[in-house]
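Structural characterization, general
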Amino acid sequence: MSQSCFHCLEPIPSGFDGQVTYEHEQHPVCCIGCQAVAEHIIAEGMSDYYKFRTVKAGKVESLVPDQLKIIESYDNDAIQEDFISHQGSLNEVLLSVEGISCAACAWLIEKQLLALNGVARVDVNTSTHRAMILWDPSLIKLSEMIASLHSIGYKTYPFQADEEASQKQAVAKAYVRRLGVAGIMTMQVMMFAFAMYFGMFSGMDENFEEYFRWISFVLATPVILYSALPFLSNAIKGLKAKQLNMDLPVSMAIFGAYVASSYATIMHTGEVYFESICMFTFLLLLGKYLEFRARLKASEFTANLHKLLPLTARKLLESGEELIIAAKQLALGDRILVKAGETIPADGLVIEGKTSVDESMMTGEHLPVSKIVGNQVFAGTNNHDGVITIEINQLGQNTLINQIIRLQHSALTKRPKLVEVTDKVAQWFVASLLLFATATAIGWYPISPDKAFWITISVLVATCPCALSLAIPTALTCAVANLTKKGILIKEAHVLETLPKVTRFAFDKTGTLTEGRFTITDVVTLSDSYDKETCLKFAGQLEHFSEHPIAKAFEDYFPNSRALDKVEVRSGYGIQGVIQNLNIAIGKPSWFENYESEAQAVLFIDSKPVCEFKLSDKVRNSANQVIAQLKSQGVTSHMLTGDSSNSGRLLATQLKMDSVQSACTPKDKQSYVDDWASKGEVVAMVGDGINDSPVFNSAHLSLAMETGADISKNAADVVLLRSDLVAIPALITVAKKTKQIVRQNLALSLIYNGSILPLAALGMVEPWQAVIGMSASSIIVICNSLRLLKL
């Protein structure tokens, strides 16, 4: 019989003998929660889930009364305003679902929800771990659907959609629709065109040829009036802003050729080029879409900043009663209760209670910060192990998290100088092209009025700077796609241009050069009565009940069964209990008898210190290799850390870094980077915490670890999705190759445009030949860029 849980596949703890019946066989489960979920799934006829799942399910946690209360608060109209949209009489919500691991999970969730009366539609995205639900609020409540998902092991909460991300999703869908229309219609039009080009209709009645022209006209019309419409809109917007963008000659060629071909079809005279303009439109849209997808991917991977803030708060009334309200309804001076494990909804002062707060989302440092009466706490941070009452003193845009967000947006609105220069060059190029096309029309009109229009169209199409416009975006798109496969997410186009110029890399310490996970480095016994093994066993018994980050260092010593009695968490000190008639405790060295030690945790038995535990954060395996590789390329490495202890200097020495600055505030980090930049250095900053976000704005290039704070990932130019520093040398290699490919693309496009221009102006290039030439030059550029995918 299997020794792992039938539902979550985790080991079966000793002493628990729960089982479920599946296909006439008994299977063990690890806890009552998994047993209940497995029985529910099998009883509801959804047991196929266990056949088709490819990875283990999440461990099931039972809902406690407080959690049920929070879930029920989601039915409150005021709270729903933040995340509910309406489609007629139906409501729509986007839920974040924890525990989705494979397609079988999506199937299970959809089947579970669709079985509920009132649920109209469910779409589960296994990539983003979100579910969109459309339901009738008169038949079922949102809290009932969330509780239903919880009953099969999926923890769920409303996702507050970021407005910018929603807009990008809408644009992506519009691209797909336009590209689909262009692709389908182009295939149909090309079918008739090729038949005519190769003489398959020779000998056929002229009426049939006219008939095929009309069919081509009908098929091409939606391509031009729908798929190609954004080019015309952008051209008009550019003209209104007094700018000549590349959409202008493109629009003139597409719509000019369409009008002329339509005229020729209606008047039964002249040539038509519906197939050319359809193909032209499709290729242009395809290039634009590929470029857009790369940018969209970046926004999909970065987390929504609003997720840091809870939707609800526990407001304390004058009578002392606790009332759950929407967090946005809080006012200055309100008193709120924050229980252990909950996220703080607003900035405020602690007026009652003690706790430790996880501010790693703000500071990047994972050690919890002790909070007592009079201390300031911040929205978005997590209350660790105590119950506190807060009086709100900052709301909305004045909270610390929103101040940091404003810094980030300020940096993102700045345009790189290289892009500005490129834009100006492009404008001059387009202006020159329009002047040349005008001169061509004027020159040909006295010679041959019939040919003047088509020769001008040929000039516009053949010399259209499409290859030039694709030269940089396609190279960047391919490089970004390649890097994404390697777990490197590029968010800004300037990254690949800036990276080869970087002369200094600055690193944060905790979570960047180290893994941000504590490990035991030394165990020192202080009493002959207890050996190391016994001390670690006692420590594991105690820490098993703790939520403190340090407790994870003792995970290997967690017991399979509970042997402690009278377990008590002493906020700010540690945790204690009774085992084998001994009073044992683990926590701060000064907890009992003012014992002094440099150890991070001390084990006490009957109030006497018996063992010291020294902990450290493990250095990333790749750190040494990456620093050495940067040095071999002439790039210096520096550490900027908020840690005030000596561990930063020891680590910098171990890694042979060029300098280290300890106890840095976010402002200090900015100052160091600004100072280096003023001396002509090009600086790249690598970090993971919210405190790194300001310095990300100052650095020429910023890289965030995926395991870091959401806000740092959102502010960074690059996100290392595998949180592995070895990605940095790979990023530099691709950036240098991209620079080389971009130069080649620019040279190819300029050579093409320079050579085709006189031929088109002399009337030696037919419009269809111009389209093929233009398309060929674009395809050559794209193929050259595709080489970046193979690096």
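Because the structure is predicted, anything quoted here is derived from the model rather than measured. (Residues numbered from 1 in each chain as written. Predicted model: local features only at pLDDT ≥ 70, side-chain atom pairs only at ≥ 80, totals over all residues. Heavy atoms only, no water.)

**As for the pairing of strand 6 (residues 130-135)**
For strand 6, the buried fraction is high: five of the six residues fall into the buried class. Where strand 4 (residues 90-98) lies against strand 6, six bridges are found, and the strand directions are antiparallel. The partner of valine 93 across the bridge, within strand 6, is isoleucine 133. (Buried < 20%, exposed > 50% of the residue type's maximum accessible area, 1.4 Å probe, protein only. Helix = DSSP H or I, 4+ residues; strand = E, 2+ residues; numbered from the N terminus. Pairing = 2+ DSSP bridges.)

**With respect to the sheet that holds strand 29 (residues 718-720)**
Across a sheet, strands are paired by hydrogen bonds formed along the backbone, either parallel or antiparallel in direction. Spatially, seven strands are ordered 17-29-28-27-18-25-26 in an open sheet, and the strand pairing comes out mixed. Lying at the two open borders of the sheet, with one neighbouring strand each, are strand 17 (488-490) and strand 26 (659-661). Each strand of the sheet is rotated relative to its neighbour by a mean of 20°, with strand direction disregarded. As paired elements, strand 18 (residues 504-507) and strand 27 (residues 683-687) share four bridges and run parallel to each other. Looking at strand 27, one finds that phenylalanine 507 is bridged to valine 686. Relative to the sheet, helix 22 (residues 666-678) contacts strand 18, strand 25 (636-640), strand 26 and strand 27, its axis offset from that of strand 25 by approximately 155°. (Axes fitted to C-alpha atoms, helices over the stretch in contact; angles between N-to-C directions. Contact = heavy atoms within 4.5 Å.)

**Describing the nonpolar core**
Counting 49 residues, the largest nonpolar core has Ile224, Phe231, Val250, Ile254, Phe274 and Phe280 as its most contacted members. It is helix 10 (residues 247-267) that contributes the most residues to this core, nine residues altogether. Here isoleucine 254 is in contact with Ile224, Ala228, Phe231, Ile277, Phe280, Thr281 and Leu284, once residues within four sequence places are set aside. Grouped together as the second largest cluster of nonpolar side chains are 46 residues, Met46, Tyr74, Ala106 and Val122 included. (Core = buried A, V, L, I, M, F, W, Y, C linked by side-chain atoms within 4.5 Å.)

**Examining the packing of helix 9 (residues 229-240) against helix 10**
Between helix 9 and helix 10, the shortest axis-to-axis distance is 8 Å and the interhelical angle comes to 130°. Put simply, helix 9 runs oblique to helix 10. Once helix 9 is placed against helix 10, the crossing between them reads as left-handed. From helix 9, Leu229, Phe231, Leu232, Asn234, Ala235 and Leu239 reach across to helix 10, where they touch Asp247, Leu248, Val250, Ser251, Ile254 and Phe255. Grouping the amino acids of the contact of helix 9 with helix 10 by side-chain chemistry returns nine nonpolar, two polar and one charged. (Parallel < 35°, antiparallel > 145°, perpendicular 65-115°, else oblique. Left-handed = near helix turned anticlockwise from the far one by under 90°. Nonpolar A, V, L, I, M, F, W, Y, C, P; charged D, E, K, R; others polar.)

**Side note on the sheet that holds strand 12 (residues 355-358)**
Within the open sheet, the three strands sit side by side as 13-12-15. Their pairing is antiparallel. Taken across any chain shown, the strands that pair with only one partner, and hence form the sheet edges, are strand 13 (369-371) and strand 15 (382-383). Taken together, the two bridges between strand 12 and strand 15 define a ladder with antiparallel strand orientation. Within strand 15, the residue paired with aspartate 358 across the bridge is asparagine 382.

**Digging into the side chain of asparagine 753**
By the secondary structure assignment, asparagine 753 is in helix 25 (residues 727-761). With relative accessibility at 7%, the residue asparagine 753 sits in the buried group. If we skip the residues at most four places from it in the chain, asparagine 753 touches Phe429, Ala462, Thr463, Cys464 and Pro465.

**Observations concerning the UniProt feature "transmembrane region" (unreviewed entry) in the chain**
Per the UniProt annotation, the sites labelled "transmembrane region" (unreviewed entry) are residues 179-199, 211-232, 244-266, 272-290, 425-447, 453-481, 746-765 and 771-789. Strand forms 0% of residues 211-232 and helix 95%; the C-alpha atoms that close the span are 29 Å apart. Helix makes up 87% of residues 244-266 and strand 0%, whereas the separation of the span's terminal C-alpha atoms amounts to 33 Å. (UniProt positions renumbered as here; feature names shortened; annotations may be inferred.)

**Notes on the pattern of salt bridges**
Should their charged atoms come close, side chains of opposite charge can pair. Inspection of every chain in the model, using the stated rule, returns seven salt bridges. Close ionic contact of arginine 314 with glutamate 342 constitutes a salt bridge, the shortest N to O distance being 2.7 Å. Pair noted here: arginine 314 is in strand 8 (residues 312-316) and glutamate 342 is in the loop between strand 10 (335-338) and strand 11 (347-352), with a separation of 28 residues, a long-range link. Where aspartate 675 meets lysine 679, a salt bridge forms, and the shortest distance between an N and an O atom there is 3.3 Å. By relative accessible area, aspartate 675 is classed as partly exposed at 33%. One network of salt bridges, in which partners are shared, links Arg314, Glu322 and Glu342. (Salt bridge = Lys/Arg side-chain N within 4 Å of Asp/Glu carboxyl O.)

**Overview of the packing of helix 20 (residues 623-632) against helix 25**
Two numbers describe how helix 20 lies on helix 25: the axes approach to 9 Å, and their chain directions differ by 35°. Across the interface between the two elements, Val626, Gln629 and Leu630 from helix 20 touch Ile728, Pro729 and Ile732 from helix 25. Counted by class, the contact of helix 20 with helix 25 contains five nonpolar, one polar and no charged residues.

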